[in-house]
Amino acid sequence: MKATTLNHAHPSIMEARYIEEIRKMSPQQRFDKLMAIIEISYLLKTAKKISK
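Here we summarise the structure given alongside this text.

Thresholds applied
Residues numbered from 1 in each chain as written. Predicted model: local features only at pLDDT ≥ 70, side-chain atom pairs only at ≥ 80, totals over all residues. Heavy atoms only, no water. Helix = DSSP H or I, 4+ residues; strand = E, 2+ residues; numbered from the N terminus. Buried < 20%, exposed > 50% of the residue type's maximum accessible area, 1.4 Å probe, protein only. Areas by Shrake-Rupley, 256 points an atom, 1.4 Å probe, with all protein chains shown as cover. Salt bridge = Lys/Arg side-chain N within 4 Å of Asp/Glu carboxyl O. Patch = residues over 30% accessible without salt bridge, like charges linked within 9 Å, V, L, I, M, F, W, Y side chains within 5 Å.

1. Some points on the overall build of the chain
Working step 1: For the chain, the helix and strand inventory stands at two helices and zero strands.
Working step 2: Here the chain holds 52 residues, and the buried ones make up 2% of them.
Working step 3: Working note: accessible area of the chain is about 5,400 Å², and carbon and sulfur atoms make up 63% of it.

2. Some details on the pattern of salt bridges
Working step 1: For the structure shown, the criterion picks out one salt bridge.
Working step 2: With a closest N to O distance of 3.3 Å, Lys-33 and Glu-21 form a salt bridge. Within this pair, whereas Lys-33 is found in helix H2 (residues 27-46), its partner Glu-21 is found in helix H1 (residues 11-23), the two being separated by 12 residues in sequence.
Working step 3: Assessed through its relative accessible area of 23%, Glu-21 is described here as partly exposed.

3. Observations regarding a nonpolar patch on the surface
Working step 1: Where nonpolar side chains cluster on the molecular surface, the patch consists of Phe-31, Leu-34, Met-35 and Ile-38 and spans about 360 Å² of accessible area.
Working step 2: Relative to the assigned elements, Ile-38 resides in helix H2.

Honestly, it's all geometry; don't read function into it.
Listed below in structure tokens is the structure:
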């Protein structure tokens, strides 16, 4: 899997690109990506909040 670069295009173009990228992945790669998203979500949810 090649590294993706940041791109600021129209949302419909970005969505199509993302869907195409996902279709090229194997089921294991999809699962790994999902687990990474869940892990980041959990870390953000449980992170200490900085109060000013």
